[in-house]
Amino acid sequence: MNDYSFCNKSLPFSLRAKDLVDQMTLEEKALQLGNTAFGVARLGLLSYEWWSEALHGVSNVGPGTRFDKNIVPGATSFPTPILSAAAFNEKLWKTIGQVVSTEARAMFNLGMAGLTYWSPNINVVRDPRWGRAIETPGEDPYVVGRYAVNYVRGLQDVGGYENVDDLNSRPLKVSSCCKHYAAYDVDAWMQVDRYHFDARVSEQDMVETFLRPFEMCVKDGDVSSVMCSYNKINGVPACADNRLLSEKIRGEWDLHGYIVSDCDSIEVMLHGHKWLGDVPEDAISQALEAGLDLDCGSFYPNTAVSAVESGRVKEEEVDKALKNLYVVLMRLGFFDGSVGNYESLGKDDVCSKESIELAAQAAKEGIVLLKNNETLPLDLKKLKKIALVGPHANATDAMIGNYAGIPCHVVSPLDAFSQIVTVDYQMGCEDVHCRTERLIYQAAMAAKHADATIIFAGLDLSVEAESLDRTDLWLPGYQNQLISEVAASAAGPVVLVIFTAGGIDISAIHNNPKIAAIVWAGYPGEQGGNAVADVVFGNYNPGGRLPLTWYYGNYTDELPMTSMQLRPDDELGYPGRTYKFFNGSVVYPFGYGLSYTTFAYTLNSATRSYRTKLSSRQHCVAMNHTDEAIVRPCPAMRIDDLSCNDSIEFEIEVANTGKVDGPHVLLVYSVPPAGLLFAPAKQVVGFERVFVPAGGSVKTSFSLNICKSLSVVKNSGYIVLPSGEHTIVVGDGEQSISFPVQVIYE
């Protein structure tokens, strides 16, 4: 082996990868281009399975990772991303990534896992019906992007090597992958599925919403892989779009890594989209030349040789793809051993006490209090017996969600509450579909004879999941009847706990005076039961905020899921999408969440203007305005034509004006100047989670880049900074505080 240059540790990875590829025959090269790389025995090159998953813990979805009761029986299962996102805690997101990668490395050492993990899912939830909302950080592209950056950094970063000069040689703890690129959020709705869907998207929406989290993931997270999606975008399959892959990801954003297809995407391109009437060799040529390095599937390995021999693709394209792949494996230490001394990790580093405690903490931080008529937290001294009812009262697998492995130890709500107080458990429904009424009476009787009642309701993967979009926003079957009859019979206070990812219309339940409190717990992972119990009994003061808007049920009647545009369309009666553009009333807004205490803000200092003198080479950009708007001599400038080095600096003091210590999330929005047509109503530009003791206060400083925080996207796709009075708003509703920022061009 010493005779091979690719084994020479003194050479750069790029030269070593080239040497390895140059020594392969075309047939050998082809066999390395699928997720199962076969290796080359004569070169000492081992086989490798690229496909492993780590969405919210090491998963056994994908052939690269497995569990064994005698070696590694399970791994820590954290809350699904939609609940972790609700914590609005960047440090938490990164720490989860660090723990997951430690367990992944330990499992790799034990021969049970790979080093390349196709996570996280950072698609923006454009429509509440999307079945994969459970996997995502929500509807705001900035929040999704920050989640991506932190989780990726947690998975990948090796201490001391976060910002080396040559990022293509930066060591990796494990390799992360941001997916599914791009404009992917229709799985199976009505007669439309992801294998045939053509997402018709404006450049404005692409730049502003669908591409932004991926740009942040690549530029700020330095992710080592991006996965392209099944769907077409404006007529072109995502995995065959040179503009989106080579030009954008690898060129403009400077990806240091590889691009992989969603599994069997080339087959989907060929047989689902029937792209250009291709034969297999044509499809491979399109994908390789677009910049797709790795096929999750077998089309590349089976057809690359004939594609080259028939002249449809240059062997150079194959070489380029393989070099991108092997550089990543070299950065992971697959050839030389890891840089971070990870070889010492083993079985004791999986499912550690600290990891399980972090899973519980993450669930508690994400839980959102939606209603509280001075009922929560419940006083244990006044409770001899509680009724625990509903299809999720003894939830186990439902709490774990999808893309999960085998949890270390699942604690159901029934397990947790039974350790604290005497429980009368009644299902109320056979499952979440609640197709009959036959179990409701027993649940109502339990509530009648209990000091308090907690109802666990919601959805599960049989309602919202990959390849399963919803057609409505209601609780299934007789769940509403279960809740109302139990509440009517209850002798004591009634608390509703909801397990769901996407929003549901529970407005009638919220308005029911017999329902004293409502808690949203997402899908809280293996420690979900303990987390909910800690919130209900006041061991933890909830501080989570909704990462999704919860719409009324008639929202689904107003626009089809296949309509990709986010802005309202008055002619079609479309009300718009997400908090940035929706123009109607909602059940709960994005960012909503209550606490057991109260908070007040004070603005201590703030930057209130940005003034710049333009040169003759800088040209103003016209904007669309309403008739009432003030039209300035220079309406806007493209941010590419500005230095963008200035920041908005301000300090907020958060006072806890109640009697309970607690966390608090500050959401910072920017509001564009009045009168700009097609601009968002507001957009998140920053957030911070702080802990404030009762009666105390904390000061938090923000520094917001002027261009990133105040810019808007024109319908042409230009990102511009409008002149005029912008507004920075901290918080929502009556609690919020704001100040103007003048942008002046001279």
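Residues numbered from 1 in each chain as written. Predicted model: local features only at pLDDT ≥ 70, side-chain atom pairs only at ≥ 80, totals over all residues. Heavy atoms only, no water.

### Looking at the sheet that holds strand S7 (residues 225-228)
Condition: The pairing criterion is simple: DSSP has to find at least two bridges between the two strands. Counting from the N terminus, the helices are DSSP H or I runs at least four residues long and the strands are E runs at least two residues long. Orientation is described by axes fitted as lines to C-alpha atoms, over the contacting stretch for helices, and by angles from 0 to 180 degrees between their N-to-C directions.
If you trace the three strands from one edge of the open sheet to the other, you get S3-S7-S10, paired in parallel fashion. Each edge of the sheet is formed by a strand with only one pairing partner; in this case those strands are strand S3 (178-181) and strand S10 (258-261). On average, adjacent strands in this sheet sit at an angle of 25 degrees to one another, irrespective of strand direction. In the sheet, S7 pairs with S10 via four bridges, with the strands oriented parallel. Within S10, the residue paired with Ser 225 across the bridge is Tyr 258.

### Notes on helix H10 (residues 280-290)
In plain terms, the rule: Burial classification: accessible surface area is computed with a 1.4 Å probe over protein chains only, and a residue below 20% of its type maximum counts as buried, one above 50% as exposed, and the rest as partly exposed.
Along H10, the residues classified as buried are Glu 281, Ala 283, Ile 284, Ser 285, Ala 287, Leu 288 and Ala 290. At the C-terminal side of H10, Gly 291 shows a positive phi close to 115 degrees.

### Comments concerning helix H8 (residues 243-252)
Our working rule: Think of the arc as the fan of directions from the helix axis to the C-beta atoms.
For H8, the complete set of buried residues consists of Leu 244, Leu 245, Lys 248 and Ile 249. Along the long axis of H8, the arc covered by the buried residues comes to 120 degrees, so they all point the same way.

### Points about unusual backbone geometry
Here Tyr 181 and Ala 182 are connected by a cis peptide whose omega angle stands at 10 degrees. Note on placement: Ala 182 falls in the loop between S3 and strand S4 (188-189). Leu 376 connects to Pro 377 through a cis peptide bond whose omega is 0 degrees. One can find Pro 377 in the loop between strand S11 (368-372) and strand S12 (385-389). Although it is not a glycine, Met 190 adopts a positive phi angle of roughly 55 degrees. Mapped onto the secondary structure, Met 190 falls in the loop between S4 and strand S5 (192-193). For Ser 467, which is not a glycine, the phi torsion comes out positive at approximately 65 degrees.

### Section: the sheet that holds S12
Heads up, the condition is: Two residues form a contact once any of their heavy atoms are found within 4.5 Å.
Spatial strand order, S11-S16-S15-S14-S12-S13: six strands in an open sheet with mixed pairing. Every other strand in the sheet has two partners, leaving S11 and strand S13 (422-426) as the edge strands with one partner each. Within the sheet, the average angular offset between the axes of one strand and its neighbour, ignoring direction, is 20 degrees. Bridge count for S12 against strand S14 (residues 452-458) is four bridges, and the pairing is parallel. Looking at the pairing, Leu 388 lines up with Ile 454 of S14. Contacts from helix H16 (residues 440-448) reach S12, S13 and S14 within the one sheet, and its direction differs from that of S13 by about 160 degrees.

### Let's talk about the nonpolar core
We count it as follows: We define a nonpolar core as any set of buried Ala, Val, Leu, Ile, Met, Phe, Trp, Tyr and Cys residues linked to one another through side-chain atoms lying within 4.5 Å.
Within the largest apolar cluster, 170 residues are counted, with the highest numbers of intra-cluster contacts made by Trp 118, Tyr 181, Phe 417, Ile 454, Ile 506, Trp 520 and Trp 550. Of all the elements, helix H12 (residues 315-331) adds the most residues to this core, at nine residues. Sequence-distant contacts of Phe 417, that is, excluding residues within four places in its chain, are made with Ile 386, Leu 388, Val 423, Ile 454, Phe 456, Gly 529, Val 532, Ala 533, Val 536 and Phe 537. Listed in part, the 42 residues of the second largest apolar core include Ala 54, Val 100, Ala 106 and Leu 358.

### Some words on the state of the cysteines
Put simply, the rule is: Note on terminology: pairs of cysteine sulfur atoms within 2.5 Å are recorded as disulfides.
Summed over the entire model, instances satisfying the criterion amount to seven disulfides. Between the sulfur atoms of Cys 429 and its disulfide mate Cys 434 the distance is 1.9 Å. In this structure, the disulfide formed by Cys 429 and Cys 434 twists by about -55 degrees around the S-S bond and is classed as left-handed. Residue classification places Cys 429 among the buried residues on the basis of a relative accessible area of 0%. Cysteine Cys 177 remains unbridged, with the sulfur of Cys 178 as its closest cysteine sulfur at 6.9 Å.

### Remarks on the pattern of salt bridges
Basically, it comes down to this: Whenever Lys or Arg places a side-chain nitrogen within 4 Å of a carboxyl oxygen from Asp or Glu, that contact is recorded as a salt bridge.
Applying the stated criterion to the full structure yields 34 salt bridges. Here Lys 219 ties to Glu 215 by a salt bridge, and the two come within 2.8 Å at their closest N and O atoms. Here Glu 215 and Lys 219 lie together in helix H7 (residues 212-219), a separation of four residues that amounts to about one turn. For Glu 430, the salt bridge goes to Arg 438, with nearest N and O atoms at 3.0 Å. Beyond isolated ion pairs, a larger network of salt bridges with shared partners links Arg 132, Glu 135, Asp 187, Arg 194 and Glu 466.

### Things to note about the pairing of S14
What counts, and what does not: The handedness rule is simple: strands pointing away from the viewer, and a clockwise path from the first strand over the helix to the second, make the crossover right-handed.
Among the seven residues in S14, seven count as buried, and that is most of the element. By the alternation rule, side chains of S14 split into Ala 452, Ile 454, Phe 456 and Gly 458 and Thr 453, Ile 455 and Ala 457, which are all buried. Here six bridges tie S14 to strand S15 (residues 494-499), and the two strands are oriented parallel to one another. Note on S15: the bridge partner recorded for Gly 458 is Phe 499. At this point the chain moves from S14, through helix H17 (residues 479-489), to the parallel S15, and the crossover so formed is right-handed.

### Let's talk about the packing of helix H5 (residues 141-156) against H7
Just so we agree on the cut-off: Each angle receives one of four descriptions, namely roughly parallel if under 35 degrees, roughly antiparallel if over 145, roughly perpendicular if within 65 to 115, and oblique otherwise. Handedness of a crossing is defined here by the sense of rotation of the near helix relative to the far one, left-handed for an anticlockwise turn of less than a right angle and right-handed for a clockwise turn. Amino acid classes used here: Ala, Val, Leu, Ile, Met, Phe, Trp, Tyr, Cys and Pro are nonpolar; Asp, Glu, Lys and Arg are charged; the rest, including Gly, are polar.
Orientation of H5 relative to H7, taken along the N-to-C sense of each, is 25 degrees, at an axis distance of 8 Å. Between H5 and H7, the interaxial angle falls into the category roughly parallel. H5 and H7 meet at a crossing whose hand is right-handed. Two secondary-structure elements touch here, H5 through Pro 141, Tyr 142, Val 144, Gly 145, Arg 146, Ala 148, Val 149 and Val 152 and H7 through Arg 212, Pro 213, Met 216 and Cys 217. Across the contact of H5 with H7, the residue classes break down as nine nonpolar, one polar and two charged.

### A look at the environment of Gly 503
Looking at the secondary structure, you find Gly 503 in the loop between S15 and helix H18 (507-511). Note: C-alpha distance between Gly 503 and Ala 133 (370 residues apart in sequence) is 9.5 Å. Here Gly 503 is in contact with Arg 470, Leu 473 and Trp 550, once residues within four sequence places are set aside.

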